[in-house]
Protein chains: 2
Amino acid sequence: MVNWNNLDTLASYQELLKAERVDLKAVMSGENGAERVKRYSVPMAEGMVYNYAAKAVDDAVLEKLGKLAEEAQLAEKFEELYNGAVINTGEKRLVLHHLTRGQLGKTVEADGVDKRAFYVAQQQKIAEFAGKVHAGKITNAAGERFTTVVQIGIGGSDLGPRAIYLALENWARKHDTLKMEAKFISNVDPDDAAAVLNSIDVAHSIFVLVSKSGTTLETLTNESFVKDALKNAGLDASRHMVAVTSETSPLAKSADYLEAFFMDDYIGGRYSSSSAVGGAVLSLAFGPEVFAQFLEGAAEEDKLAMNKDMLQNPAMLDALIGVYERNVLDYPSTAVLPYSQALSRFPAHLQQLDMESNGKSVNRFGERVGYQTGPVIFGEPGTNGQHSFYQLLHQGTAIVPLQFIGYRNSQLDTDVVIQGSTSQQKLCANVAAQIVAFACGKEDENRNKYFEGGRPSSIIIGDQVNPKSVGALLSHFENKVMFQGFVWNVNSFDQEGVQLGKILAKRVLAHETDGALKEYSDLLNI
Amino acid sequence: MVNWNNLDTLASYQELLKAERVDLKAVMSGENGAERVKRYSVPMAEGMVYNYAAKAVDDAVLEKLGKLAEEAQLAEKFEELYNGAVINTGEKRLVLHHLTRGQLGKTVEADGVDKRAFYVAQQQKIAEFAGKVHAGKITNAAGERFTTVVQIGIGGSDLGPRAIYLALENWARKHDTLKMEAKFISNVDPDDAAAVLNSIDVAHSIFVLVSKSGTTLETLTNESFVKDALKNAGLDASRHMVAVTSETSPLAKSADYLEAFFMDDYIGGRYSSSSAVGGAVLSLAFGPEVFAQFLEGAAEEDKLAMNKDMLQNPAMLDALIGVYERNVLDYPSTAVLPYSQALSRFPAHLQQLDMESNGKSVNRFGERVGYQTGPVIFGEPGTNGQHSFYQLLHQGTAIVPLQFIGYRNSQLDTDVVIQGSTSQQKLCANVAAQIVAFACGKEDENRNKYFEGGRPSSIIIGDQVNPKSVGALLSHFENKVMFQGFVWNVNSFDQEGVQLGKILAKRVLAHETDGALKEYSDLLNI
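Below you will find a few notes about this structure. (Residues numbered from 1 in each chain as written. Chains lettered and ligands numbered in written order. Predicted model: local features only at pLDDT ≥ 70, side-chain atom pairs only at ≥ 80, totals over all residues. Heavy atoms only, no water.)

Moving on to the overall build of chain A. A tally of regular secondary structure across chain A gives 18 helices and 15 strands. Radius of gyration (C-alpha) of chain A: 24 Å, near the 24 Å computed for a compact globule of 526 residues. Based on the C-alpha atoms only, the size of chain A along its principal axes is roughly 70 × 60 × 55 Å. The buried share among the 526 residues of chain A stands at 68%. (Helix = DSSP H or I, 4+ residues; strand = E, 2+ residues; numbered from the N terminus. Rg over C-alpha atoms; globule rule 2.2 N^0.38 Å. Buried < 20%, exposed > 50% of the residue type's maximum accessible area, 1.4 Å probe, protein only.)

This brings us to the interface of chain B and chain A. Interfaces are often sized by the accessible area lost when the parts come together. Chain B puts 136 residues into the contact, and the matching count from chain A is 136 residues. Buried surface at the junction of chain B and chain A, summed over both partners, amounts to about 11300 Å²; 63% is from carbon and sulfur atoms. Summed over the shared surface of chain B and chain A, the number is eight salt bridges. Across the pair A:K38 and B:E519 runs a salt bridge, and its minimum N-O distance is 3.9 Å. For the side of chain B that touches chain A, the leading source of residues is helix α15 (residues 423-440) of chain B, giving 15 residues. Per-class residue counts for the side of chain B that touches chain A are 55 nonpolar, 55 polar and 26 charged. (Contact = heavy atoms within 4.5 Å. Buried area = accessible area lost by both parts, 1.4 Å probe. Salt bridge = Lys/Arg side-chain N within 4 Å of Asp/Glu carboxyl O. Nonpolar A, V, L, I, M, F, W, Y, C, P; charged D, E, K, R; others polar.)

The subject of this paragraph is the nonpolar core. Membership of the largest hydrophobic core comes to 380 residues, with the highest contact counts inside it found for A:M28, A:Y520, B:M28 and B:Y520. When residues no more than four places from it in sequence are discounted, the contact partners of A:M28 are A:G33, A:R36, A:V37, A:A53, A:A54, A:A439, A:C440, B:A516 and B:Y520. (Core = buried A, V, L, I, M, F, W, Y, C linked by side-chain atoms within 4.5 Å.)

Residues and elements named next belong to chain B. The end-to-end C-alpha distance of helix α9 (residues 217-232), which contains 16 residues, comes to 23 Å, matching closely the 22 Å that a straight helix rising 1.5 Å per residue would cover. Summarising burial for α9: twelve of the 16 residues are buried, a large majority. Listed in full, the buried residues belonging to α9 are E218, T219, L220, T221, N222, E223, S224, F225, V226, K227, A229 and L230. Looking one or two places after α9, you find G234, whose phi comes out positive at around 75 degrees. (Expected span 1.5 Å × (residues − 1).)

The full count for this structure, using the stated rule, is twelve cavities of 30 Å³ or more. Computed from the structure, the largest cavity encloses a volume of approximately 180 Å³. Forming the walls of the largest cavity are 18 residues, and the residues nearest its centre are A:G379, A:E380, B:R345, B:G379 and B:E380. Listing elements by their share of the lining of the largest cavity, those giving two or more residues are α13 (346-358) and β11 (376-378) of chain A together with α13 (346-358) and β11 (376-378) of chain B. (1 Å grid on protein atoms, 1.4 Å probe; cavity = no way out; pocket = protein on both sides within 12 Å on 5 of 7 lines; lining within 4 Å. Points joined across faces, edges and corners; volume = space filled by probe spheres on them.)

Let's shift gears to the pattern of salt bridges. Residues and elements named next belong to chain A. Counted by the stated rule, this structure contains 62 salt bridges over all chains. Residues R162 and D158 are paired through a salt bridge, measuring 2.9 Å at the closest nitrogen-oxygen approach. No difference in accessibility class separates R162 from D158, as the two residues are buried. Measuring nitrogen to oxygen at the nearest pair gives 3.2 Å for the salt bridge that ties K227 to D256. Placement of the pair is K227 in helix α9 (residues 217-232) and D256 in the loop between β8 (241-246) and β9 (260-263), with a sequence separation of 29 residues. For K227, a relative accessible area of 17% gives the class buried.

With that settled, the discussion passes to the packing of helix α1 (residues 11-18) of chain A against helix α12 (residues 314-328) of chain A. In helix packing, the relevant descriptors are the interaxial angle and the interaxial distance, both defined with respect to the helix axes. All names here are of chain A. Relative orientation of the contacting elements α1 and α12 amounts to 70 degrees, with a least axis distance of 11 Å. The orientation of α1 with respect to α12, classified from their angle, is roughly perpendicular. Here α1 and α12 pass one another in a crossing that is right-handed. In this structure, α1 contributes Y13, L16 and L17 to the contact, and α12 contributes Y324, N327 and V328. (Axes fitted to C-alpha atoms, helices over the stretch in contact; angles between N-to-C directions. Parallel < 35°, antiparallel > 145°, perpendicular 65-115°, else oblique. Left-handed = near helix turned anticlockwise from the far one by under 90°.)

For these two chains of identical sequence, chain B goes onto chain A by a turn of 180 degrees and a shift of 0.0 Å along the axis, with RMSD 0.0 Å. On this basis, the relationship between the two copies can be described by a two-fold rotation axis. Every residue of chain B has its C-alpha some distance from the rotation axis, and the shortest such distance is that of B:F378, at 3.2 Å. Both copies present the same face, since 100% of the interface residues in chain B are matched by interface residues at the equivalent positions in chain A. (Least-squares fit on C-alpha atoms with pLDDT ≥ 70 in both.)

What follows covers the sheet that holds β9(A). Residue and element names in this part refer to chain A. The sheet built from five strands is open, its strands ordered β6-β5-β7-β8-β9 with parallel pairing. The open sheet is flanked by β6 (181-185) and β9, the only strands paired with a single partner. Pairwise comparison of adjacent strand axes, ignoring direction, gives a mean angle of 20 degrees for this sheet. The pairing of strand β7 (residues 205-210) with β8 spans four bridges and is parallel. Along β8, the bridge assignment pairs F207 with M241. Contacts from helix α8 (residues 190-199) reach β5 (148-152), β6 and β7 within the one sheet, and its direction differs from that of β6 by about 160 degrees. (Pairing = 2+ DSSP bridges.)

Coordinates in, geometry out; function isn't part of it.
Quick look at the structure:
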């Protein structure tokens, strides 16, 4: 039986507050620093490692974090989750995204079916559909093959699938498995849909409409936009569209779609990349085998998250170090910095994943908590970020913890040697250099050139951005966020904070406004 | 004569700390809220307004902010700057980016020339070059026209020009003035250059190499990458490349380039969008007339920044409200939220502009300051962000001040009516709704559905994202950041914080490492 308690009621947390602070600059200098890099490293799936040598922790702090993990029953809570408990208490729902990529525990039955079997069946259905599209068995009315797939969705139906598509597009090109180019329409701004439609050949495009409820206003608006474009081109829209939705949504059995693939209420939008939401567009773009590899990587990483020993559980360890930074060291934000252009939109996905899950002020029982929860998450790829906001990270008045991600090899394997090194070597040299620069700083009599150091970071190192490693990376962060939600005792799986804006926007459109809202509406000519 | 004093030595700042806090929720409710929206609005260039009704200020706070603006001599400092004082004290340089778009004060002479005339001459040279390219007078060796322009640059040579290109690409398409498609190569990650080169027809591409010093490693590496590609395609690289650099750089008079356009040490990278750095790529992409309109918009907004009355000076007012939020209300970050897909990368540019300028811990005299300086800046376009990180903004434990940007009209003017309103109306309704939702919140017995409100925002409202309004928007934020730097008494125009990483990266590449740095290098197989 697990107990859901607030962080500040836990004895181990009070211990942690009293733990002696680590002087990161001191411990990362000299041979001691080298020792830390060797010791403070834990294997992830696909040969990756999570290295936390440059975090402001030592064995004493880690021991207390381990006790906190135990007292907060993190492993047990995860077990409850994957065995089908109602973890999303606000909406009274199970939380089953792990089942889209593997069976971690008991068979989970809901709605009268084995949910793992249900998700596998959807993937199978998608794989068959994608196979027919790629083989030219499903074509447009003129019998011509589809060359482009366009995802229409917003939030979790957009950010994760888009980030993963961009992560693997060039890998797929290199491995001759880019079956169709993918595009994404998300914003209700009409210029978004119009620009995407201008950039494609609609006659050879297949559109994937993604909305769990079938009622997301942005998505339905953009669907209508697309249907107009298809009609104007003299095409039959129903031959160009598929739906990803829940079985109970109005889209599920509509003749407007070539096919419908199902998700359900147990998969939150931001956790839906490994469900049909990511599956349809990614299987069409890369082939179902590539999507299957992505799922394998995620499943392998999920298994590591089951480990009760925090030091052998990279997601749990990352989560607890994050809690230490947020609640003990009082750092309000975290930067995610992948040294890979392929991961250019991965920080935007993590931003949703983390901030929408744990940006909460009330616990699972609706009581206000007396401590900080989720941090602000932002980031851009390195080395670009180095020439942008790193100035503040190095010398600003506030400390921002950093999450680096680096890979030994490029995707396209085209490179150039300048000044005795390849671009890939320069990329890797930069991330290594940054970790040490942030941790150790540099003395200088000129205070303007002085780096105080003591700025914590961790790094995930892998061989290459490929389907399995991207799956593992996604799983790592999903599970990290989940564990942090357990520690903070919040419900990481609802998002009531998005509702008020929707209600007021409807009121504006109905011209039922007064006070400030009316004035703003007038200023914007609505 | 101006005095450069630390913020915490100013009497008006001490007054400000004692000012009564404004209950934003209370003042924004009912008719009082409507009154605020009408009153707390100041005109910007191009018919735009800066509206700060939903900021946690009132007449009493504003009066104290006005006194602070006077005591800190913001208008006088700006005057010194545009009249050519050595404002960048660390590097002993003038700060002249305003001169790229207008003459605000006296003639500024440096390096023996009138600098305004120098920048105008460069723009003229670019305009002539672009005109010849567009007219087919400058072609590839086969006599064929160039169709694509590729900017090679990083940091300020990338983020601003890229954000502005994306902002205006569809506007230009709609107005039949998209002369060439633009692409950007920035990251030293070899997959960045390789992917861009795979996506274009190099034989019909012209490359703009941007490096002030001519020594930026990432940029020279990517230049080499591009030259290899041109050679492999049997092309003469020197017929495909132009340089934007300083007159003293090794690139200035090289036979490797068709032409060289000049900037100088008085234009910081992040302030260089209106110099030849933005000028070359944007004039080639859109035509020099469009770039001239962009400069006009910026010049018009610059003039507003000269106003000594804070309440009539949108950049100064925005700056001071930001200081109030950072130093009095203690908010560590700010989100920039444009309700326009065209501005999708504008937040990334502002992130550099702001964090690299004011992410400093020492004042202009190299003394550590005892107060917070520049905040973390992040953002994504709405409505996308609403389905992502807005959960935390509405219901998280920490308050994040918000900067909305909204436009009455779309760029492409293609729209669809769903549920009685256009997409553009929905877009505008959402931003209006969000401001009020953040400020006023919503009572609910269920604490999970309760919105405490009191979350401050401002909004810049314009008619449309077009060349003039983008120029004005850029100028607004450049001047805001400048004024904040004056208040914090930091040098906003150097970036010593980026140096240490470069030095250590070189050491890694030379295999001159020990301790932690050697271990990280080994882990990354360098």
